[in-house]
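A look at the structure
One-letter residues, chain by chain:
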Amino acid sequence: MSAAAAKPILYSYFRSSCSWRVRIALALKGISYDLVPVNLIKDGGQQFSSEFKALNPMQQVPALKIDGITLSQSLAIINYLEETHPNPRLLPQDPKKRAQVRMIADHIASGIQPLQNLSILKQMGEKKMEWAQNCIMSGFQALEQILQNTAGRYCVGDEVSMADLCLVPQVANAERFKVDMGPYPTITRINKALLELEAFKISHPSRQPDTPAELRA
C-alpha cells in the first residue's frame, strides 16, 4: 500500500481539546483512522520524545499522517480535511458566514485555548486554576456577545461548522476548570445541542482508547 493510500494515523491525547477538534472532524466526515495515544503527562510528557519531535517539531498534539504527509495544528488539519473531503461541509458557502465561522474558530483557537494550555499552566504554579478561569471567562464574555449575533441552532446558523468543533472542547475545558457557565447562556445552549450529535459523542474524551478507567463514560 502506498503512503498516500494508507489509513490515516492520528496522534492524540484523550483530554487535548485540539485533538478533540480533529477527532470530531474525522467523525463528521466519516474518515476511518488509526489512533496513536501521546500521553502529555506520563514520562514527563511523551510529546517531548525524540520520536515525536521528528513527527511534529512543535511537540504538540494533534498530528495527523494522511495522504503521504504529516500535518499539525488542528485548524490546518481541519481545513485540509475540508478541502479533500468536502461533505459534509464545515465551512459555509456564503462568504460572510464563512468569515464568521473562521472568526469564532480563531477566537477560541488563538484567543482562549493557548492561554490556558498545559505548557502555560505548568508555569503558573499554585495560581493555575485562577489563571485558567480568568482566561476562559474573558474569552467567553466576548464569545457570548459574538454568538448572540451569529448563532442559529449552532455557532453560525443551523449547520455544524468548524466553529462548533472549537466550541465544544473549550466548554469542556471551562467545566474542568470550574468556570461558572451561568453568564453564557448562548454558549451553553449551543454546546448542549452539539453534544447530542453522534460525531461529538464518539470523539468525546471519555470514550478514547487512552481514557483512564476512572474517567470513562
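Coordinates for the structure precede this section.
Conventions and cut-offs
- Residues numbered from 1 in each chain as written.
- Predicted model: local features only at pLDDT ≥ 70, side-chain atom pairs only at ≥ 80, totals over all residues.
- Heavy atoms only, no water.
- Helix = DSSP H or I, 4+ residues; strand = E, 2+ residues; numbered from the N terminus.
- Buried < 20%, exposed > 50% of the residue type's maximum accessible area, 1.4 Å probe, protein only.
- Contact = heavy atoms within 4.5 Å.
- Areas by Shrake-Rupley, 256 points an atom, 1.4 Å probe, with all protein chains shown as cover.
- Lys, Arg positive; Asp, Glu negative; His and termini not counted.
- Charge placed at Lys NZ, Arg CZ, Asp CG, Glu CD.
- Pairing = 2+ DSSP bridges.
- Phe/Tyr/Trp six-rings, centres within 6.5 Å; stacked < 30°, edge-to-face > 60°.
- Salt bridge = Lys/Arg side-chain N within 4 Å of Asp/Glu carboxyl O.

1. Points about the overall build of the protein
When you go through the protein residue by residue, the secondary structure sums to nine helices and four strands. Helices (α) and strands (β) of the protein occur, in sequence order from the N terminus, as β-α-β-α-β-β-α-α-α-α-α-α-α. Principal-axis analysis of the C-alpha atoms places the extent of the protein at approximately 50 × 45 × 30 Å. In the protein, buried positions account for 46% of the 217 residues. Of the contacts made within the protein by residues no fewer than 6 positions apart, 66% connect residues no fewer than 24 positions apart. When the accessible surface of the protein is summed, it comes to about 10,900 Å², and 53% of that surface belongs to carbon and sulfur atoms. Looking at charge distribution, the protein has the averaged site of its 24 positive side-chain charges lying 1 Å from that of its 20 negative ones.

2. Brief notes about the side chain of Thr 150
Note that Thr 150 resides in helix α6 (residues 128-150). With relative accessibility at 10%, the residue Thr 150 sits in the buried group. Residues contacting Thr 150, with those up to four places away along its chain left out, are Gln 100, Ile 104, Cys 155, Val 156 and Gly 157.

3. Brief notes about the side chain of Ser 161
Along the chain, Ser 161 turns up in the loop between α6 and α7 (162-176). With sequence-adjacent residues up to four places away left out, Ser 161 is seen in contact with Leu 90 and Val 101.

4. Description of the pairing of strand β3 (residues 63-66)
Alignment of strand β1 (residues 9-12) against β3, held across three bridges, turns out to be antiparallel. Across the sheet, residue Leu 10 finds its bridge partner in β3, namely Leu 64. Here β3 pairs with strand β4 (residues 69-72) via four bridges, running antiparallel. Considered in β4, the bridge of Leu 64 is made with Leu 71. From the end of β3 to the start of β4, which pair antiparallel, there are two residues, and Asp 67 there has a positive phi angle of about 55°.

5. Digging into the packing of aromatic side chains
With the rule as written, the count across this model stands at two aromatic pairs. Residues Tyr 13 and Phe 14 carry aromatic rings whose centres are separated by 4.9 Å and whose planes lie at 70° to one another, so their mutual orientation is edge-to-face. The exposure classification of Tyr 13 matches that of Phe 14, with both residues buried. Relative to Tyr 184, the ring of Phe 140 lies with its centre 5.6 Å away and its plane at 80°, an arrangement referred to as edge-to-face. Of the two residues, Phe 140 sits in helix α6 while Tyr 184 sits in the loop between α7 and α8 (185-194), which places them 44 residues apart along the sequence. For the pair Phe 140 and Tyr 184, one class covers both residues: buried.

6. Remarks on the environment of Val 22
Within the element layout of this structure, Val 22 appears in helix α1 (residues 17-28). Residues Val 22 and Leu 81, spaced 59 residues apart in sequence, show a C-alpha to C-alpha distance of 9.3 Å. For Val 22, the contacting residues outside a window of four places in its chain are Leu 10, Pro 62, Ser 74, Ile 77 and Ile 78.

7. Quick word on the pattern of salt bridges
Taken as a whole and judged by the stated rule, the model has four salt bridges. For the salt bridge of Lys 7 with Asp 34, the shortest nitrogen-to-oxygen distance reads 3.4 Å. On the criterion of sequence distance, the pair formed by Lys 7 in the segment before β1 and Asp 34 in strand β2 (residues 34-37) is long-range, its members being 27 residues apart. On the basis of relative accessibility, which here comes to 41%, the residue Lys 7 falls in the partly exposed class. In this structure Asp 34 comes out as partly exposed when scored by relative accessible area, which is 37%. Among the ionic pairs, Arg 89 bridges to Glu 159, the shortest N-O distance being 3.4 Å.

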